[in-house]
Amino acid sequence: MDRRDFLTSFQAKAPEQDFSQIDRTLSGLTPYSGTWGTAEVTHLLKRTLFGATVADVNYFKSKTLAQTIDELINAVVAEPLPPVNNYNDTTADPDVPAGETWVNAAHVKTGNINNLRTNSLLSWWTGLQLNQGRSITEKMVLFWHNHFVTETSNINPAGYLYKYNALLRANALGNFKDFVKQITVNPAMLVYLNGNVNVKAAPDENYGRELQELFTIGKGPDSKYTEDDVKAAAKVLTGYKDDLTTYGYTFNAAKHDTTDKTFSAFYNNTVVKGLTGADGEKELDALLDMLLAQNEVAMFICRKLYRFFVYYTIDAATESNVIAPLATVFRNNNYNIRPVLAALFSSEHFFDSLNRACVIKNPIDFSIGLCREYNVAFPDTTTDYVNAYKAWSFMYTVSRDMNQELGNPPNVAGWPAYYQEPQYHELWINSDTLPKRNRFSDTMIANGYTKGGKKIVIDPIAFATTLPEPRDPNKLVADSLGILYKIDVSQNTRDYLKTQVLLSGQSTDAYWTTAWDNYINDPTNNTNKNIVLSRLKAMYKYIMDLSEYQLS
Amino acid sequence: MVVMPSLINGFSFKAYGSLPLLNAIANSQNSDHVLVLIQLNGGNDGLNTVIPLDQYAAYTNARSNIAIAEKSVLKLNGVDKTGIHPAMTGIQQKFNDGKIKIVQSVGYPKPSFSHFRATDIWLSAADSTETLDSGWMGRYLDYEYPNYPTGYPNSQMPDPLAIQIGSILSLGLQGPDVNMGMSITDPTNFYNLINGIQDPAPNTAAGKELTFIRTVAKQTNAYAASITDAANKIKTQSPAYPAAGTNSLADQLKIVARLIAGGLKTKVYMVNLGGFDNHDNQVDPANTSIGVHATLLGKVSEAVTAFMEDLKFLSISDRVLGMTFSEFGRRIKSNSSVGTDHGAAAPMFLFGDHVIPGVLGDNPALPANANVNDNIPMQYDFRSIYGSILEEWFCVKSADVSNVLLKNYQSLPLVNADACVPTSIHEQNVRAGETLITNYPNPFVESTTIQFETAGEHTLLQIFDTMGKLVRTLTDKAYASGIYTLEFDATGLGTGTYYARLQNGLFQQVRTMIKVQ
């Protein structure tokens, strides 16, 4: 614990209002059939994407809920172009020309090249989040990164990290069973949880344990696997090693434990038959069959999805009305992920008013979502990739400094906000991180950040222009809040924004309308522009500084 | 002082802490002149506020439907030609007591008649032909505290540089890079800490999380504690104020008085009163001494008077200078809807123990037959007022004043010259926020390395515990300027918070260190 954590960890005292008995809902997975308007679209988009942009909200409002879910979950997303050598200006890569991808290049053990490649990867990943399409994919990549954790700082070479990242993306909406199998032999994971040193002569239990505790069975009330099960699983997993030449893995039958592995009553005393030679690898299939035969796996994954996408409190009603039926969907669909997400995001429960606006944005959602919702311009990915990477790298540091370091969750359990009782999401907010959030939004709406020779800044006029009627101060306030907030604010607050900010204390709406029209009629007139600009800046700064903005 | 006492593992600590007693040692000089800016939003009708008795015929001719009856105009001691609006009895009294300065016809060349543009001009101190995106007070505060916000709060300036009550993000407080002010109307911020107003949180998961975030926001705002501490120190204020909720300007000024008296070192406060945009029904046609504008001026007078009484009551009146301004005055000729349209120059009021009392400037020269476009020409550029305040009240060197205002302006006799403070205070302020002392590791177990920067000559490094007891003196001698390290071995000392205090000439800085098991 560093000093600041030490100082801040206990400053958040219990609020005075008693929330021990908050209103919860009995609703379940019955498909939602209520209103499909801005409030519902932004609710769905803010949870499944990084922020709800005006363009996306308008787009999906013209569709049905079913079409929206289908597009968000089922649309085929092309595999992104891999990260490139963006660092040649500072350090030349002996194997990779500038602008070309390094992901298949040989590992460079000396010097700084590997770190530069890793930084390139993390920047690139951040760029994918910023440039995400109308698909839940990138949010699911983050979800799975928090589930199948590896820590970038512990892993060489960068090529392994790319393989890991590509694996998350390829399987994010795929089949969970395939996913677990592939992650088990992924070179980054083999290094991270010591699968690469797990050999017959000296089994390493690390991966065998986490595979059960964190990746499949979990630690829910019905999780009853034993220490012997950990040992048995470790034996099944002997003989694998990461491969520095292919950035894949090798299986060495000579180092594989060929004895039969007997599991506990929790697994119905299953015996995974010891196999020799190349067949030794097949034991992994038998192990995963055994693990995934447990209903607890689906329950565990569904609880985790729930805590990530809906809310962290799972009461008895939610467990029986949402988690259990969702787990059934998961199992009935042979562990395909898409049907589970479709059922959850189509449900009455998800759209229940009691489940809206209750997620505290994680730092990536906060920072990336802010840029996306305001449509902040970044350097062009293809024509100006060096500066694009610089800007993405900056955005990576923004959420990192707010305690969510992409690529480096604090430990194998992921970010505490998704497992640490009783605070969960509240752990994102403390006296260090909240001022950082405010400072970031304040700077973005003021002068912005100059990175890579390009300014990253909110253009509030451009944003307001995308709203239906920016010349009407009442609608401008309402429509801005409709995009930026999920929780309702009082008429007082709306009036305050209008009167004190847009009207500079005047009571005549027409003053704003005139100012806006003057600007629109002559956008090149700087005086007119500044009148509108300064007031919009003040309004959006205020909106983002309120605690309401932290909620999704 | 931002102090958040709490208890962990049985010992108390103070976040952001530096010891109050140590600060008291360092900053005993009177460096705390305060400027209170009162913005009258909408464009105050100067001609019905300060009335040219020497041109009464032209005055009534130009605005017969709203002109104040000559016999109703309040007289000012020693001033024959000029009177004030009948609603401003309090101001009249304070003027006669020698605490008010009226400056006639303040404006600027080529005035703007747009509320927004004119407001921006007044706040930024721009020419009407240029646009500035920083405010004049923001630039002054940036001049005084160039490191802000890095390293703030600190012992030199433990409190907000500027506090704005009743509005948000005033351009006036915008510095070259960041806004130098704190708004305390923000519902998660200071205003609510004092008054407890914000949207209620519903009894839902969303309400629970919202309340949690608000709680953290309040607790962790670097200045929350200093502001509430200051407010809480003042239990009694002058009874001169009107009932709460009846005069928002008075309510705001009451908070300002409370915060100043509570010990905040904040330099600038901004408050405002809206509603001056009286295009119609400015007066009661049956009695031009009453009506909308009279009510507003009555509030200004009542609020300012009560505030001045309170400053006296709280024994801080010699620290405070107040100033009113509005984005423009109004047309000389009234319109047919018993109101006035957007105009140009208008009078300003300055108040405080140190103002040079009286009326500065002549009454505006009114045409015998004013037409609808006639405006009051400026006698004084508003930036001359700003510059004179900076020079005479904040004691900014005249060469530096033009840097803040970005041009040279006339120096006017507004404030008594004896009000200035030593320039050494400015030299300290300029370095405030620099980290002169750090330690690592922190928290530490047995010992920690203290790194400090000395400008040379005598340098003292002491360790205090939370009770203010001197635990060690690590060094006490002359150094060449540079960065040095010393080891603080705390073996045998209890766990808890320790303060390393560096003293070097004018500068002193305190570092909070935590010993853990």
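Computed from a prediction, not measured in an experiment: that's the story for all the values here. (Residues numbered from 1 in each chain as written. Chains lettered and ligands numbered in written order. Predicted model: local features only at pLDDT ≥ 70, side-chain atom pairs only at ≥ 80, totals over all residues.)

Student: Please set out the overall build of chain B residue by residue, giving values where relevant.
Tutor: Helix and strand counts for chain B stand at 13 helices and 21 strands. A burial count over chain B gives 55% of its 517 residues as buried. Taking as baseline every contact in chain B between residues at least 6 positions apart, the subset at least 24 positions apart corresponds to 72%. (Helix = DSSP H or I, 4+ residues; strand = E, 2+ residues; numbered from the N terminus. Buried ≥ 20, exposed ≤ 12 C-beta atoms within 10 Å, placed from the backbone. Contact = placed C-beta atoms within 7 Å.)

Student: Talk me through the overall build of chain A; I want residue IDs and the actual numbers.
Tutor: Each helix and strand in chain A was counted, giving 24 helices and 6 strands. The C-alpha radius of gyration of chain A comes to 25 Å, within 12% of the 24 Å expected for a compact globule of 552 residues. Viewed in the frame of its principal axes, chain A has a C-alpha envelope of about 85 × 60 × 50 Å. Across the 552 residues of chain A, 51% fall into the buried class. (Rg over C-alpha atoms; globule rule 2.2 N^0.38 Å.)

Student: Would you mind going over the sheet that holds strand β17 (residues 457-465) of chain B in detail, with residue names and values included?
Tutor: Strand pairs in the sheet, formed through backbone hydrogen bonds, run parallel or antiparallel to each other. Residue and element names in this part refer to chain B. Read across the open sheet, the 4 strands follow the order β18-β17-β20-β21; overall the sheet is antiparallel. Single-partner strands in this sheet number two, and they are β18 (470-479) and β21 (507-515). Neighbour-to-neighbour, the strand axes of this sheet turn through a mean angle of 15°, independent of strand direction. (Pairing = 2+ DSSP bridges. Axes fitted to C-alpha atoms, helices over the stretch in contact; angles between N-to-C directions.)

Student: Please provide a residue-by-residue account of helix α7 (residues 158-171) of chain A, values included.
Tutor: Residue and element names in this part refer to chain A. With 14 residues, α7 extends 20 Å between its outermost C-alpha atoms, agreeing within 8% with the 20 Å of an ideal straight helix rising 1.5 Å per residue. Burial within α7 is extensive, with 12 of its 14 residues counted as buried. A158, G159, Y160, L161, Y162, K163, Y164, N165, L167, L168, R169 and N171 are the residues of α7 that are buried. In this fold, the buried residues of α7 make contact with α5 (113-130), α6 (137-147), α8 (176-184), α9 (187-192) and β1 (240-243). (Expected span 1.5 Å × (residues − 1).)

Student: How would you summarise unusual backbone geometry if you had to cite specific residues and measurements?
Tutor: Most of the time, phi is negative for any residue but glycine, and the peptide bond is trans. Note the cis peptide between A:E421 and A:P422, where omega equals -5°. Tracing the chain through its elements places A:P422 in the loop between α18 (385-401) and α19 (433-445). In this structure, the amide linkage connecting B:Y440 to the following residue, B:P441, adopts the cis form with an omega of -5°. The residue B:P441 is located in the loop between β15 (437-440) and β16 (447-454) in this model. The backbone of B:N281 shows a phi angle near 50°, a positive value even though the residue is not glycine. Mapped onto the fold, B:N281 is located in the loop between β10 (268-273) and α10 (292-313). Given 14 C-beta atoms within a 10 Å radius, B:N281 is considered partly exposed. Positioned with a positive phi, B:C395 is a non-glycine residue whose angle comes to about 60°. Structurally, the position occupied by B:C395 is in the loop between α11 (382-392) and α12 (398-405). A tally of 18 C-beta atoms within 10 Å means that B:C395 is categorised as partly exposed.

Student: Go over helix α22 (residues 491-502) of chain A, please, and point to the residues and values.
Tutor: All names here are of chain A. Helix length check: α22 (12 residues) gives 15 Å between terminal C-alpha atoms against 16 Å at 1.5 Å per residue, within 8%. Within the sequence span of α22, burial applies to T493, L497, K498, Q500, V501 and L502. In this structure, the buried residues of α22 make contact with α21 (473-484), α23 (509-521) and α24 (526-545). Note on α22: the residue one or two positions beyond its end, S504, has a positive phi of about 50°.

Student: Give me the lowdown on the nonpolar core, citing residues and values where you can.
Tutor: A:C302, A:L326, A:V340 and A:M539 are the most contacted members of the largest nonpolar core, which totals 168 residues. Beyond its immediate stretch of four places on either side in the chain, A:C302 contacts A:I323, A:L326, A:A327, A:F330 and A:V340. Counting 118 residues, the second largest nonpolar core, distinct from the first, contains B:A126, B:Y223, B:V300 and B:V304. (Core = buried A, V, L, I, M, F, W, Y, C linked by C-beta atoms within 7 Å.)

Student: Account for the packing of helix α17 (residues 363-373) of chain A against α18(A), with residues named and values stated.
Tutor: All names here are of chain A. It is at 8 Å that the axes of α17 and α18 come closest, and there the two elements cross at 140°. The chirality of how α17 crosses α18 is right-handed. Mapping the contact onto sequence places P363, I364, S367 and I368 in α17 and M395, V398 and S399 in α18. Of the residues that constitute the contact of α17 with α18, the class distribution is 5 nonpolar, 2 polar and no charged. (Left-handed = near helix turned anticlockwise from the far one by under 90°. Nonpolar A, V, L, I, M, F, W, Y, C, P; charged D, E, K, R; others polar.)

Student: Outline the sheet that holds β15(B), supporting the account with residue identities and numerical values.
Tutor: All names here are of chain B. Taken together, the 3 strands give an open sheet; going across it, the order is β15-β16-β19, and neighbouring strands pair in antiparallel fashion. Either end of the sheet is taken by a strand with one partner, and the two such strands are β15 and β19 (482-489). Averaged over all neighbouring strand pairs, the angle between strand axes comes to 25°, with direction disregarded. Here 4 bridges tie β15 to β16, and the two strands are oriented antiparallel to one another.

Student: Break down the confidence of the model for chain B for me, with residues and values.
Tutor: All names here are of chain B. In the predicted model, chain B carries a mean pLDDT of 86, and the fraction of residues at 70 or more is 90%. Contacts from residues 1-30, a stretch scored under 50 in pLDDT, to residues over four places away or in other chains number 61 contacts. pLDDT under 50 marks residues 185-197. Its contacts with residues more than four places away, or in other chains, come to 37 contacts. Reported confidence for the predicted complex is 0.94 by ipTM and 0.75 by pTM. (pLDDT = per-residue confidence, 0-100.)

Student: So what's going on with the pairing of strand β3 (residues 34-40) of chain B? Residues and values would help.
Tutor: Residues and elements named next belong to chain B. Burial of β3 is extensive: 7 of the 7 residues sit out of reach of the surface. Here β3 shows two buried faces, one formed by V34, V36, I38 and L40 and the other by L35, L37 and Q39. Direction of pairing for β3 relative to β10: parallel, over a ladder of 6 bridges. Considered in β10, the bridge of L35 is made with V268.

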